[in-house]
Amino acid sequence: MAAGVNLLPIPPEEMERSWKLPDPGTVGIIFFIIMESALFSLFVMAYLVYAGKSLTGPYPKDILEAPILGTICLWSSSFTVWMAERALEKGRMLGFKLWWLATIILGLEFLNATGLEWYRMIYHDHLTIATNLFGTTFYSLVGLHASHVCVGMFFLLIVFIVTLMGFPIQTQARRVKFLSWYWHFVDGIWVVVFTVVYVIGK
Amino acid sequence: MATSIDYPLPKPAPSPAEFSFSQALWKWVATVDAKRLGIMYTGTAFVFMLIGGCLAMVIRAQLMFPNSDVVGPDTYNRLFTMHGTTMIFFLAMPVISGLSNFLVPLMIGARDMVFPRLNAFGYWMFLCGGCLLYFSYIGGGGLGGAGSAPDAGWFAYAPLTELAYSRGPSSDYWALAIILGGFGSLATSINVIATCICARCPGMTLARMPMFVWTMLTTAWLIILAIPALTAAQFMLLLDRYLGANFFNTQNGGSAVLWQHFFWIFGHPEVYIVIFPAFATLSEVIPVFSRKPLFGKPAMVGAIVAIGFISLGVWAHHMFAVGLTPWSNTFFVASSMIIAVPTGVKIFNWTATMWGGKVRYSTAMLFCLAFLLQFLVAGLTGIMLAVAPFDWQLTDSYFVVAHFHYTLIGGTVFGVFAATYYWYPKAVGKMMSETLGKWHFWLMVIGFNLTFMPQHYLGIIGMPRRIYTYSPGRGWDLWNFWSSIGAYIQGIAVLLFVINIIKSGINGRPAGDDPWDAWTLEWSTTSPPPEYNFEKIPVVRSGRPLWDLKHPQDPDWKYE
Amino acid sequence: MAVPGSHANRIADTFNPVATPAHMEKGIAILTIAICGVIFVIVAGLIVYAFVHYRVKRDEREFEEPPQIYGSNQIELAWTVIPILIVFVLIGVSARVIRAIQAHQPAPHSDPVYATVVGHQWWWEVHYPNLGITTANEIHVPVSHDGRHATFFTLESADVDHSFWVPQLSGKTDVIPNRNNFVWMDPSKAGVYIGQCAEYCGTQHAHMGLRVVAQPLPEFRKWAAAEAKPAVEDPSVAKDKAVFDSLACINCHTVRGTIAQGTFGPDLTHLMSRQTLGAGVLSNTPQHLRDWVNDPQKYKVGCKMPDMHLDDQQLTEVVAYLETLK
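Residues numbered from 1 in each chain as written. Chains lettered and ligands numbered in written order. Predicted model: local features only at pLDDT ≥ 70, side-chain atom pairs only at ≥ 80, totals over all residues.

A.B. asks: Could you clarify how one ought to interpret the nonpolar core in this entry?
C.D. replies: Generally speaking, a soluble globular protein has its nonpolar side chains buried in company with each other. Among the nonpolar cores identified, the biggest contains 315 residues, and B:Ala233, B:Phe367, B:Cys368 and B:Ala418 are the most heavily contacted of them. Not counting chain neighbours up to four residues away, the residues in contact with B:Cys368 comprise B:Leu282, B:Val285, B:Ile286 and B:Ala418. (Core = buried A, V, L, I, M, F, W, Y, C linked by C-beta atoms within 7 Å. Buried ≥ 20, exposed ≤ 12 C-beta atoms within 10 Å, placed from the backbone. Contact = placed C-beta atoms within 7 Å.)

Next up, the structure:
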């Protein structure tokens, strides 16, 4: 009985051979990203609900400046990570390392821009998360995104360091691909955050 | 047991090598096997069910008579908060993980879940969450003062959870424990989805997946969308509490209503999430004990997916009384009503499955019958609650308490009992006692209905929920008394269930591979199944592979 | 102790309505229950019939399987469409009643009464802005005929969520901080109607009672006129009043016309016109008043009024003064 099912009247061998299913990792990362999107969407909703509802200043129109340079860096890092991934697929290790490094630098520049922006707002404009609803929603939404950039950056750095140390990263091309998807996701979320915070919210 | 099919006894299971206790323990603690994790999830869930049940017993003792002082108001508020939180997040949610981990890979002919280590991680996070929740009774305020257990209700309406009204760590315990517990559900969900998409055995097309698997797949989809919403809301709450943010701080412009929206955006999919394992179980048990295939399976799949989508758009029917505009109230009346249609389709299809069949009265089947009738009551009181003007009278009264216990006990818990009687032989290799099972069933049915039927009436004559005591002379005394008696009968029934599980595990009759003469793949392997599930990956040609095998002259695939 | 207060209608039966909103809610409730009842009888009947009639009989051969039926599209269609039709009826009726209750405005020249109810942990503050009255836990409203003299409430909260519910008059409306909600009622019969907070609001949620006293219009006017006056100055208790004014009572309570101007607790200007103490915990008798002032925590654990540790002498004096606040 244990092996009974294989005694089916017509065991179509060809079906077994042609039975192709998607890669679990791909499905897993896609649903991970859907899950993350659900998490973000509530913070975005909170931002939109509270836009313009602050009882006291400072208000967004007074102190908010769109971080154009950081944004350009982050979005172009999507391109560089894609180039790195392609280089890895084709086995061009030097290309991979250079594009990967470019991604890291662009990502760090974005984090730097965010850091400076926060420094200015906290110490110069005296806006903290506790000040008013704008502070609450701004720091939590932008902070949630920045924390995702940090996580991505952590893994980017790990990949870069182990590659420099001589680890054969091409054996892990699939995982590198998933990391680059995550990075694209983080960039994509920034489109939403940027629109909500710096365009609509202002 | 009604079925007396003389099935060949299985080969004796290969005798396990002699293990010392610590080795055996290690085998469980370090396991990444979905079946073991499934049993661990379910077992842990049952432990939490007993704890949560004990809390309910104290609650009913307090409410049995008017003006009673078994416990004080603070203790009482902690009791119902912990009872609700435990039953939803640490019974219903892990049971989903338990059933899907054990059964989904077996039913689709896979060797394991596709992310076994993620699976183990999820379980241990969930267990940490449960322990953290109950640590609140010891930590914080200390054992003598009943600790600082959460006391803001299981939906923890802000601003009652904000620092101004909830000093001490009780609301932190609540938020953190549930965030941790959520990891278990999320890990299982990603696993179920990826396993269903990527690890089906040859021939197991999506259309041929058993209804159980389809239901669990929809559940996983809902969990992926709903749990992060709750997690986000709880992050905001913790930001408020620790960094002084103002999300729900009404003194600085925050909105109390926003918390309600956020909670119920999670909370309403959640109530479907927790009823789905029962739906899944019925869709397997009823056909097998009626000896007929599930009636209208495509419609059943359509219905479950429809419920999965519509349930994302009905949340504000929990909020009819908060003063939304007439238009939004009407919208949520409509969506909540519409969802009754696919739910009705499911009940009709189960009934039609029995129609013209040969119904065998096993304990599992009896629980399914009770489910159908009780869930019918729950569904109809649900329609009453969806009629907003009627809901203005009923919401937050004992009518609501009765309604959701009819779905969650009369529905989910009865479904889980049916699942246990049905799959216990597969998991343990021994049959559960049918005599004890029948006792358990009848006491449960009587106790349950005696507890919650009177509560409908209590709500109609004006008893609000969550009051720790009441004055005599308001017409509530008698109904509360019988309600408490019913609760104790349920308590005895659940004890019988526990005894049955333990006793049958020790000296139950050997089950054999396929004690129920069933049709899905899990019954084709040994009981309990080996770690690799199947010696050889099966190949299937229809939704009922074992029917094909047993009836080669009239197989299912001819009709597909 | 039984339900405090003497002639209150003790059973707050939602199916015994005395005001239009509750009447409409009862009407739609009966319709819904009737429809659901019919559905229950039919479907439960089918389930039980299938379960009993198609059971395995003793003399039947066990191994013969019944005919395998996989489904039927016509039947599926039927039991999808029929519920949809039923549901649409209920949606339509609900929409109408929702508008009728929520969007109701006072008719011109109907001489409505306006009141503001503020939920506190765990009592109700009641204002009549046009009448200059502030009271607590007991709402007086005129009996209403043909839509005249209906009462329109604005609901506010001072702290957490509460819910305003007087079952015989109107369904629940939540009382939410930072938000104004509205509810109206037009009691058609004089009487005292019991209600209470219906949204969990902390420790003493169970003891946040509310009563609505519906009176014929002349009586209501008389009550309002008396209530609008400042506190009675009774020279015989001047010494007791001085004691009261010297204690911390005045930090939380107001007695209009005196130095007591606290707003944290209920207004005591006409305390003795109320039927209960502590939002319905005790009936308002001299002995209860003394017990309550002596140690409120004994009757309402966790309530915001502390035990003031008054000695016997002070207690007697304070109660003597309070008893004059008619």
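A.B. asks: Please clarify how the pairing of strand β7 (residues 170–175) of chain C should be interpreted in this entry.
C.D. replies: Residues and elements named next belong to chain C. Counting buried positions along β7 gives six out of six residues, so the element sits mostly inside the fold. Pairing of strand β6 (residues 162–166) with β7 involves four bridges; the strand directions are antiparallel. Residue His162 lies in a different strand from β7, and its bridge partner there is Val175. (Helix = DSSP H or I, 4+ residues; strand = E, 2+ residues; numbered from the N terminus. Pairing = 2+ DSSP bridges.)

A.B. asks: What am I meant to see in the sheet that holds strand β9 (residues 191–196) of chain C here?
C.D. replies: In a beta sheet, neighbouring strands pair by backbone hydrogen bonds and run either parallel or antiparallel. All names here are of chain C. Here three strands make up an open sheet; going across it, the order is β4-β10-β9 and the pairing mixed. Sheet topology places β4 (138–142) and β9 at the edges, where each strand pairs with a single neighbour. Within this sheet the neighbouring strands show an average axis-to-axis angle of 25°, counted without direction. With five bridges joining them, β4 and strand β10 (residues 209–215) adopt parallel strand pairing. By the bridge assignment for β10, Pro142 is matched with Gln215. Along the sheet, helix α3 (residues 217–228) makes contact with β4 and β10, crossing β4 at roughly 135°. (Axes fitted to C-alpha atoms, helices over the stretch in contact; angles between N-to-C directions.)

A.B. asks: Would you mind showing me how to read helix α6 (residues 211–243) of chain B here?
C.D. replies: Given 3.6 residues per turn, any residue in an α-helix points the same way as the ones three and four places further on. Residue and element names in this part refer to chain B. Compared with an ideal rise of 1.5 Å per residue, which puts 33 residues at 48 Å, α6 spans 47 Å between its outermost C-alpha atoms and is within 8% of the ideal. Of all the bends found along α6, the most pronounced is centred on Ile223 and spans about 30°. Counting buried positions over the 33 residues of α6 gives 29, a clear majority of the element. Positive backbone phi, approximately 75°, marks Gly244, located one or two places after α6. (Expected span 1.5 Å × (residues − 1). Bend = angle between axes of the 7 residues up to and from the residue.)

A.B. asks: Would you take a moment to explain the interface of chain B and chain A for this structure?
C.D. replies: Size of an interface, as often reported, equals the accessible area lost when the parts are brought together. Facing the 47 residues of chain B at the interface are 37 residues of chain A. Elements with a minimum of two residues in the side of chain B that touches chain A: α5 (170–198), α6, α7 (256–290) and α16 (545–550) of chain B. In terms of residues, the side of chain B that touches chain A owes the most to one element, α6(B), which gives 10 residues. Residues of the side of chain B that touches chain A, tallied by class, amount to 31 nonpolar, 10 polar and six charged. (Nonpolar A, V, L, I, M, F, W, Y, C, P; charged D, E, K, R; others polar.)

A.B. asks: Is there a simple way to explain unusual backbone geometry in this structure?
C.D. replies: Phi is mostly negative for residues that are not glycine, and the peptide bonds are mostly trans. Here the residue pair B:Ala158 and B:Pro159 is connected by a cis peptide bond, since its omega of 5° sits within 30 degrees of zero. Counting through the fold element by element, B:Pro159 comes out in the loop between α4 (116–135) and α5. The step from C:Gln121 to C:Trp122 runs through a cis peptide bond, and the omega angle for that step is -5°. Along the chain, C:Trp122 turns up in the loop between β1 (113–120) and β2 (123–128). Unlike most non-glycine residues, B:Ala156 shows phi in positive territory, near 40°. Mapped onto the fold, B:Ala156 is located in the loop between α4 and α5. Of note in this structure, B:Arg291 is not a glycine but carries a positive phi near 60°. You can see B:Arg291 is positioned in the loop between α7 and α8 (297–310).

A.B. asks: Please explain the arrangement of the chains as it appears in this structure.
C.D. replies: By contact count, the leading pair among the two pairs of chains in contact is chains B and C. For the non-touching pair chain A and chain C, the nearest C-alpha separation works out to 12 Å.

A.B. asks: I'm lost on the confidence of the model for chain B in this one. Help?
C.D. replies: For residues with low pLDDT, the predicted coordinates do not support detailed interpretation. Per-residue confidence for chain B averages 91 on the pLDDT scale, and 95% of its residues sit at or above 70. Interface predicted TM-score (ipTM) for the complex: 0.94; the corresponding pTM is 0.93. (pLDDT = per-residue confidence, 0-100.)

A.B. asks: I keep staring at the environment of B:Ser185 and nothing clicks. Help me out?
C.D. replies: Residues and elements named next belong to chain B. Take Ser185: it is sitting in helix α5. The spatial distance from the C-alpha of Ser185 to the C-alpha of Ile227 is 8.2 Å, given a sequence separation of 42 residues. Among residues more than four places away in sequence, those in contact with Ser185 are Met93, Ile96, Ser97, Ile223 and Ile227.

A.B. asks: I keep staring at the confidence of the model for chain A and nothing clicks. Help me out?
C.D. replies: With 92% of its residues at a pLDDT of 70 or more, chain A has an overall mean of 89. In this model residues 1–10 of chain A is a low-confidence stretch, pLDDT under 50, and it forms 25 contacts with partners more than four residues away in sequence or in other chains.

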